[in-house]
Amino acid sequence: MENTVQQDISIRFENITKTFGSVVANEKITFDVYKGEILSLLGENGSGKTTLMNMLSGIYFPDEGQIYVNGEKVTIASPMDAFRLKIGMVHQHFKLIDVFTCLENIILGITNKEKANKSNARKAVMNLCDRYGFEINLDKKVYDLSVSEKQTLEILKTLYREAEILILDEPTAVLTPIEIKKLFSVLTNMRKDGKTIIIITHKLNEVMEISDRVAVLRKGQYIDTVKTSETNEAQLTEMMVGKKIVLNIKRTEPKDMEDRLFVEHLSLTNKDGTKVLDDINFIARSGEILGIAGIAGSGQRELLEAIAGVKPGYKGDVIFNRPKKNLPVSFFHKTYREVVNMAKNGAFHYEDGTPVDFTGMSSKKIKELVNKEKVIFNENEIYNLRNLNPRTIRELGVRLSFVPEDRLGMGLVGNMDLIDNMMLRSYRKGKGIAVNRKKPEALAEEIVHELDVVTPNLHTPVRKLSGGNVQKVLVGREIASSPKVLMAAYPVRGLDINSSYLIYNLLDKEKQEGSAVIFVGEDLDVLLALCDRILVMCEGRVSGIVDARSATKEEVGLLMTKKKEEEEETNGGENNA
Amino acid sequence: MLNKNNSVKTLPSEKSTKEKKKLFHVEKRFNMATWQSILIRFAFILIAIFFGLLVLTMAYGIDPFASFGNLFKGAFGNWDKFWEFFRDSALLLGVGLALIPAFKMKFWNLGGNGQIAIGALACIMLMVELGGKVPDIVIVLVSGVVAVIIGAIWAAIPAIFKALFNTNESLFTLMMNYIATGLVGIYIYWRFPDESNIVPSQSYGRLPVLFNGKVLIVILIAALFVGLFFYLKYSKHGYELSVVGESINTARYVGINSKKVIIRTLILSGALCGFVGFLIASGVDFSITAENTHRGMGFTAIMAVWLAKFNPIISIGTAMFITFITKGMSQVQMSNSRYITGDSATNIVMGLIFLFVIASEFLVEYKIMYNKNGKETDVFEIIGNFLKPVANFFKKIFVPVGRFFAKVFKSIGLFFRKLFRISAKKEKPRMNKGNASAKEDK
């Protein structure tokens, strides 16, 4: 059967190129989709899968190249054109109207009077349901539907529009395993009926299960198409992530490693009840960069936000080991009684090793002793940061910096100038009700000078700066407090090469200065070149921790798409590092 | 509708030029000089007044030139009116100052009217109940404090609900207005059943008279202005509230407790409104009605601060401008009372002015490009070219005059600088630096 079906070409892409500004999303993509097959379009985040399909469904228009449908040259300038060519797309974020019923959503936008008639439509849709095995109540309002029902409705919508070519963008991302099975059986039914189906995905196991052929994109470029029956997961991963590229990123050898941050059994549940983080365990050490890899949305952002205290309400512990041993004692935020008690428990000793006892001394005398730097800490201080808010963490004296993914929406205030943005973390310093802008101004000047921030002056709102400069301002501020833990989420996203390298070097410098750096990245090449260890996340779990110096891209790529059962054996990787 | 054959013919390159071939299109404007934007706004206000008077002329048959004169007569006609103008501007500014912190935090406090009314009510109740029993100054102080507290509570209620349950603050504050005016009505009905919905003018517990009974209010509001200006610009609280207003996520990121900030700011906002209510009750009206005590200032002030983009200093100008138009138009209406009834004339002109000012904002933000044979030019440039001779003429006259004044001001400035050289030493380098870099920028 396969041989006969694959003769007819349903869609042909020829030299399709699409750029957004300076970013090339698709570059000279050429391949065919056969009639009556299920084709998986496989690729990492940002490899251009969705862009390509959006051009097929009329949302974008290609800059160059030609699309053929059933052998004819076509111009798809709008979704209406796609509709006329019988192409239907189910987007990742559904395009439904919440307050309408299912039936109303199905006939919405249909100009043909016969077809737009509700009773006609109902009959036809019921027929479709019988034919392919959909289950849906057409009179339910969309806001009452579950996610999988919404998806069913989207598919029905395209089918009612007599779509012959169906594109599904990450259809399984939001479904439970049982729902996925159901979806796959429907898709097989549709294939039997001669429909052409394209599935955008990055889940290898599903690719193997459902599709006839796999087309792989990587960084906007078309790699190859292979028959599913003639390939395996390892080969696909290699195609997806590519061979290791040698990047000239500076990576110094870690020194004076010390366990700095312990994350233990950290679990986080979203408001809608889905588990975003599931029993995360790792240790971040000072003097090394711990990379975090994973498909976008595997919980990396939530993990950093939880540690930084931005997303409280998690279970588990975040334990900060504050390096104090053998350092001269100084007190912040401590009362007299607390200090005396600490001394009683043997927290301090004199330079010659004799223990300190403050009992009975006046606070003045204690201060005198301490100020001579004769008193030394005996042990490190241990803090549990569980569910503390960022301000409290800071007031404890824990220097934890966080460069969030959303720079202008979270790390900075777009409408404020550089100086005011410098104050975000420190504005409460100093007595009195007035803020002191002198230090922030000096800091802003220093950052502009040292990191070559291009800005008209210090009073420019940061939103007017270019992306790279915004990031320099943010990273500069976070580094300025000489953090003990520095977390950065996608710090080079959208940056040009020079700015990216500047950021890599800054991270490496922080590592040398003894902070524990946690770096969430997208580009596996960068992760492998910059980090010392890489923690790989998959669906909110740690699927493995590997040594970045010896690991291969394929290894990491496989871990990124790993299923849960295999996690046990890879957890041992932590010990190797 | 495209059919398949047609669609083959339209190549991508053709299509993209097709889209651009509109006669006019709108583009975002960058780097507009401040004086240009001020000029645009000013021109639009003049056009609006012109149109307003034109409409009135057509609708009521009044003399537009005389009306234009009346506009000024109404605001500055005599000393009494002059001071009244300043007092009313100050009161409007006071409400504006109350709204600015809330609005900066993106909390849309539409409850100014209610907060003023409830503050005034508290004040009047104390005047009525304590009048004659304790010294006036005690009544003034007590009623001032109570009005401020009550106003604060009135605004804090919706703020607490917003902070804890994320209720819609616009609706909530709006509804609180009706409750407040209702309470005023109930009080009058209960305490003065024989009067027609008004408390008789109270003679005890009035605000002390300084010169003419208007100056003190202006001074108090001026003091408030200074305080609030520093609060917003230089205090930690002011900084926090602008962070919360700009982005709740950033507030979360640095650990600002946005719930606390919302409630705290609204307490301030309500307290200031309550204070204005106190000023009106004990310094202007000495009485209260359910409908008119707040003079709709809770809404008018929104326009004032919005036009000023929540900048307190510019708010002085917009508050004065709105008061000027209101007062001027009521004079226009009075001198034509045979034709115009009610405050319809005022409302028409005010509406037109705001419409035009909003339109001018569009032109400050965007430019309209005119497309002629593929060549695009800014519409303003075309108009500018027409007006060039006129502009040159004015330039000839005004530039020498301007230079003369610049010289005069410069020498005055130099004189003062010499006078205060020692005391200004500390601040000067920083100020100069900011200015210098700003100049380089241009």
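Our structure's up above, just so we're on the same page.
Heads up: these notes are all about the structure in this document.

A separate point is the packing of helix α7 (residues 136-165) of chain B against helix α12 (residues 258-285) of chain B. At a minimum axis distance of 6 Å, the contact between α7 of chain B and α12 of chain B shows a crossing angle of 145°. Between α7 of chain B and α12 of chain B lies a crossing whose hand is right-handed.

Inspection of every chain in the model, using the stated rule, returns 36 aromatic pairs over all chains. Between the aromatic rings of Phe103 of chain B and Phe310 of chain B, the centroid separation amounts to 5.8 Å while the plane-to-plane angle is 75°, which identifies the pairing as edge-to-face. Remark: Phe310 of chain B occurs in the loop between α13 (297-307) and α14 (312-335) and Phe103 of chain B occurs in helix α5 (residues 79-104); sequence separation between them is 207 residues. Both residues of the pair, Phe103 of chain B and Phe310 of chain B, count as buried. Ring plane angle 70° and centroid distance 5.7 Å describe the contact between Phe404 of chain B and Phe405 of chain B, whose orientation is recorded as edge-to-face. Exposure remark for Phe404 of chain B: the relative accessible area of 53% places this residue in the exposed category. An aromatic cluster is defined as three or more aromatic residues linked by ring pairs; in this entry it consists of Phe68, Phe72, Phe76, Trp79, Phe82, Trp83, Phe85, Phe86 and Phe324 of chain B. Sitting above the plane of the Tyr253 of chain B ring, Arg425 of chain A keeps its charged end 4.5 Å from the centroid. Geometry around Phe286 of chain B places Arg206 of chain B over its ring, the cationic atom sitting 3.5 Å from the centre.

A few words on the pattern of salt bridges. What the rule picks out here adds up to 43 salt bridges over all chains. Taking the shortest distance from any N to any O, the salt bridge between Glu37 of chain A and Arg213 of chain A comes out at 2.9 Å. A residue pair is termed long-range when its members are at least 10 positions apart, and Glu37 of chain A in the loop between β2 (23-34) and β3 (38-42) and Arg213 of chain A in strand β9 (residues 213-218) qualify at 176 residues. On the basis of relative accessibility, which here comes to 1%, the residue Glu37 of chain A falls in the buried class. A salt bridge links Glu169 of chain B to Lys162 of chain B; the nearest nitrogen and oxygen atoms lie 3.0 Å apart. The residues Glu169 of chain B and Lys162 of chain B share a single accessibility class, namely buried. Linked through salt bridges whose partners overlap, the residues forming this network are Glu253, Asp508, Lys511, Asp532 and Arg549 of chain A.

Let us look at the pairing of strand β12 (residues 275-286) of chain A. All names here are of chain A. Taking burial as the measure, the 12 residues of β12 include 9 buried ones, the bulk of the element. Strand direction decides the pairing type here: strand β11 (residues 258-269) and β12, joined by 8 bridges, are antiparallel. Across the sheet, residue Phe262 finds its bridge partner in β12, namely Ile283.

Contacts between the two partners involve 31 residues from chain B, matched on the other side by 46 residues from chain A. Carbon and sulfur atoms supply 55% of the area buried between chain B and chain A, which totals about 3300 Å² over both sides. Counting across the chain B and chain A interface gives 2 salt bridges. For Glu240 of chain B, the salt bridge is made with Arg391 of chain A, and the minimal N-O distance between the two is 3.0 Å. Joining chain B to chain A, the criterion identifies 19 residue pairs in polar contact (both at pLDDT 80 or more). Secondary structure elements with two or more residues in the side of chain B that touches chain A: α1 (4-9), α2 (12-20), α9 (215-234), α10 (236-246), α11 (248-254) and α18 (428-441) of chain B. Of the residues in the side of chain B that touches chain A, the class split is 11 nonpolar, 10 polar and 10 charged.

Before going further, it helps to spend a moment on the sheet that holds strand β18 (residues 400-403) of chain A. Residue and element names in this part refer to chain A. Ordered in space as β18-β19-β20-β13-β21-β22, the 6 strands form an open sheet in which the pairing is mixed. Taken across any chain shown, the strands that pair with only one partner, and hence form the sheet edges, are β18 and β22 (541-547). The mean angle between the axes of side-by-side strands here comes to 15°, regardless of whether they run parallel or antiparallel. Where strand β13 (residues 289-293) meets strand β21 (residues 533-538), 4 bridges bridge the pair, whose relative direction is parallel. Paired with Ile292 across the strands is Leu535, a residue of β21. Against the sheet, helix α18 (residues 467-480) makes contact with β18 and β19 (485-489), and its axis sits at roughly 170° relative to β18, the strand it touches most.

Because each turn of an α-helix spans 3.6 residues, side chains separated by three or four positions in sequence point in the same direction. Residue and element names in this part refer to chain A. Between its first and last C-alpha atoms helix α6 (residues 118-132) spans 21 Å; for 15 residues at 1.5 Å apiece the expected length is 21 Å, and the two agree. Within α6, the full set of buried residues consists of Ala121, Val125, Leu128, Cys129 and Tyr132. In a view along the axis of α6, the buried residues occupy a sector of 100°, so they form one face of it. For α6, exposure combined with an orientation more than 90 degrees from the buried face picks out Lys123, Asn127 and Asp130. Residues of α6 that are buried make contact with α4 (102-107), α5 (113-116), α7 (147-160) and α8 (177-192). With a side-chain oxygen lying 2.9 Å from the backbone nitrogen of Ser119, the N-terminal cap of α6 falls on Asn117.

Rules and cut-offs
- Residues numbered from 1 in each chain as written.
- Chains lettered and ligands numbered in written order.
- Predicted model: local features only at pLDDT ≥ 70, side-chain atom pairs only at ≥ 80, totals over all residues.
- Heavy atoms only, no water.
- Axes fitted to C-alpha atoms, helices over the stretch in contact; angles between N-to-C directions.
- Helix = DSSP H or I, 4+ residues; strand = E, 2+ residues; numbered from the N terminus.
- Left-handed = near helix turned anticlockwise from the far one by under 90°.
- Phe/Tyr/Trp six-rings, centres within 6.5 Å; stacked < 30°, edge-to-face > 60°.
- Buried < 20%, exposed > 50% of the residue type's maximum accessible area, 1.4 Å probe, protein only.
- Lys NZ or Arg CZ within 6 Å of the ring centre and 35° of its normal.
- Salt bridge = Lys/Arg side-chain N within 4 Å of Asp/Glu carboxyl O.
- Pairing = 2+ DSSP bridges.
- Contact = heavy atoms within 4.5 Å.
- Buried area = accessible area lost by both parts, 1.4 Å probe.
- Polar contact = N/O pair within 3.5 Å; in protein donor to acceptor, adjacent residues only side chain to side chain.
- Nonpolar A, V, L, I, M, F, W, Y, C, P; charged D, E, K, R; others polar.
- Expected span 1.5 Å × (residues − 1).
- Arc of directions from axis to C-beta.

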